[in-house]
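Letter by letter, the chains look like this.
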Amino acid sequence: MAKRVPLTMEKKIQSALISVFYKDGLEPLARTLHQLNITIYSTGGTQKFLEDLGIPCIGVETVTGYPSILGGRVKTLHPSVFGGILGRRYEAQDLAEMAQYKIPELDLVIVDLYPFEETLRNTDEEKLIIEKIDIGGPSMIRAAAKNFRDLVVLSAKDDYATLNTMLIEQKGHTNIEQRKAFAAKAFEVVMHYDIAISNYFNPTQGKVLRYGENPHQVATFYGHLDQWFDQLNGKELSYNNLVDVDAAIALIADLPTTSFAIIKHTNVCGVAQRNTVFESWQAALAGDPESAFGGVLVTNGNIDKATADAIQEIFFEVLIAPGYDADALAILSSKKNRILLASKPGMTFKSTQQKSILNGILEQGLDTGNYTNWDEVGARPCTASEKEDLSFGNIICKHLKSNAIALIKNKQLVGKGCGQTSRVDALRHAIEKAKQFNFDLKGASLASDAFFPFDDCVRIAHAEGIEAYIQPGGSVRDKDSIAYCQSNGLAMVMTQLRHFKH
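Scoring rules and cut-offs
Residues numbered from 1 in each chain as written. Predicted model: local features only at pLDDT ≥ 70, side-chain atom pairs only at ≥ 80, totals over all residues. Heavy atoms only, no water. 1 Å grid on protein atoms, 1.4 Å probe; cavity = no way out; pocket = protein on both sides within 12 Å on 5 of 7 lines; lining within 4 Å. Points joined across faces, edges and corners; volume = space filled by probe spheres on them. Nonpolar A, V, L, I, M, F, W, Y, C, P; charged D, E, K, R; others polar. Helix = DSSP H or I, 4+ residues; strand = E, 2+ residues; numbered from the N terminus. Pairing = 2+ DSSP bridges. Contact = heavy atoms within 4.5 Å. Axes fitted to C-alpha atoms, helices over the stretch in contact; angles between N-to-C directions. pLDDT = per-residue confidence, 0-100. Buried < 20%, exposed > 50% of the residue type's maximum accessible area, 1.4 Å probe, protein only.

Asker: Sorry if this is basic, but what is going on with empty space enclosed by the protein here?
Answerer: To locate leftover empty space, one rolls a probe as large as a water molecule over the atoms. All told, the structure shown has two cavities of 30 Å³ or more when counted by the stated rule. For the largest cavity, the calculated volume is near 60 Å³. Residue lining of the largest cavity: Leu-17, Tyr-41, Val-60, Val-63, Ser-80, Val-81, Pro-104 and Leu-106, and that is the complete set. By residue class, the composition of the lining of the largest cavity is seven nonpolar, one polar and no charged. Of the voids in this model, the second largest cavity is the one considered here, and its volume is about 40 Å³. Together, Cys-269, Gly-287, Asp-288, Leu-413, Val-414, Gly-415, Lys-416 and Lys-433 line the second largest cavity. Ranked by residues supplied to the lining of the second largest cavity, first place goes to strand β20 (residues 413-417) with four residues. Residue classes in the lining of the second largest cavity are distributed as three nonpolar, two polar and three charged.

Right under this line is the structure:
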């Protein structure tokens, strides 16, 4: 019968190994460790950093009996270090061997990784890139994460403050759930790092992604992202990031200059066009500030400092823009994982698109254009502002999942319903969204991606104050919606161009 390994629920940290590339934000945590009388082991630049702060530490070479050699390539790869990390405190044999070989027990490992991806973005020189392939770092992180029953592993500077607060509140103790959570993140950090290196050495075999739509799905991208944009900051684009980036680039290509849009799960949740990028951002965000959290942002104007300051106030995954002012880029790059993309001019989508179904492939031409005809069939011609809003809204509907309704006022999306199984449900969702954020729908315009099968949508929308409509037409009951508009002084345009999107 296999021996049951006891899970020690709470442990006090008595010793720590700190060896990091990024030292910003480390000082408060290091001072807490010192105040808790935790013995600190360290290496090279990190040791100097700590000692300059007046925090005593023991050099790793004192433990290993070897100096840093081979230009710094070998510092920690030694049994005295890895034995201290991997030694199981619940195994008498491990403890006896650690004592025999004078291996110190390590309770906390704070290690990050050489900036491989940042180096790739900044140089093509192979020698510099290869030297940023970390060996000891991933090995120590994996070892410490494997032994989470006894150790805490910290693999990212973003967690310095979290651990610092934890140790202060818990007087230097951690529990098994906390240690396991840090271990889980550590394995993800190393996985991401290894994938980046693999992609560098295998550029023609597809880009292996961290995972697919969900963590249990394997994913690879085949294509040339560098033809579309330069990545200026952030982690590697994920599967879901790429899907949303594709949707964002397709949408912004159809919009007038200085538009700004926010994408969630390929649907636009906020979009507006104003005289400046800053004003467009404010109006786009106001359309649905709730859904904007964690979204993909895209604009066809340059990002200036004022816009960067405003965007900085929310959490987002990706920002795509044709250019960034230097001070704006400095602000937005303050978050290490935030993905900033500089879109390249002149790129267009292929004339056909493909979808995998039933172990085969469907291929179709792109849905291009806005409308084929502009047939005004209501009680009156559209005003100039209504025509602008209807044209703008029709493009938005084109990029929403069907069934889709977009409510537009002054070239701002004020409500939308998408992915619904009936058109009237999409309208109800759109109205509910508009009311949620206190938009007055009187004088707004409505766009529909497909025809109105009945006049119910026009009746419901009119009751909310909406006075202009655009739809492709094609229903056997088109006359019902037309008649309602003609009887109630409403404008309606039929385009003869449907924009279903599944």
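Asker: I would appreciate a short explanation of the sheet that holds strand β19 (residues 405-408) in the present structure.
Answerer: Here we have six strands laid out as an open sheet, ordered β18-β23-β22-β21-β19-β20, and mixed in their pairing. The open sheet terminates on both sides in strands that have one partner only, identified here as β18 (375-376) and β20. Taken strand by strand, helix α15 (residues 384-398) contacts β19, β20, β21 (445-448), β22 (468-471) and β23 (491-494), and its axis lies near 35° from that of β21.

Asker: Sorry, what's going on with the confidence of the model for the chain here?
Answerer: Detailed reading of the predicted model is not advised wherever pLDDT is low. Chain-level pLDDT for the chain is 91 on average; 98% of the residues reach the 70-or-more range. Segment residues 1-8: pLDDT under 50, and 11 contacts once partners within four positions in sequence are set aside and those in other chains are kept.

Asker: Would you mind showing me how to read the environment of Tyr-222 here?
Answerer: Structurally, Tyr-222 is set in the loop between β9 (220-221) and β10 (229-233). Classification of Tyr-222 as exposed rests on a relative accessible area of 63%. Residues Tyr-222 and Lys-207, spaced 15 residues apart in sequence, show a C-alpha to C-alpha distance of 6.2 Å. Once residues lying within four places of it in the same chain are set aside, the contact partners of Tyr-222 are Gln-205 and Gly-206.

Asker: Can you walk me through the sheet that holds strand β14 (residues 316-321) in this structure?
Answerer: Sheet strands associate in pairs through backbone hydrogen bonding, adopting either a parallel or an antiparallel arrangement. Read from one edge of the open sheet, six strands run β10-β15-β14-β13-β11-β12, paired in mixed fashion. This sheet does not close on itself; its edge strands, each paired only once, are β10 and β12 (267-273). The mean inter-strand angle of the sheet, taken between neighbouring strand axes irrespective of direction, is 20°. Pairing between β10 and strand β15 (residues 339-343): four bridges, direction antiparallel.

Asker: Got a minute to help me understand the pairing of strand β11 (residues 259-264) in this structure?
Answerer: In regular strands, side chains alternate between the two faces of the sheet. A large share of β11 lies buried, amounting to five of its six residues. Note that β11 and β12 share six bridges and pair antiparallel. Paired with Ala-261 across the bridge in β12 is Val-271. Connecting β11 to the antiparallel partner β12 that follows it, the hairpin turn spans two residues, and His-265 within it adopts a positive phi of roughly 50°. As defined by bridge partners, β11 adjoins strand β13 (residues 295-299) across four bridges and the pair is classed as antiparallel. Within β13, the residue paired with Ala-261 across the bridge is Val-298.

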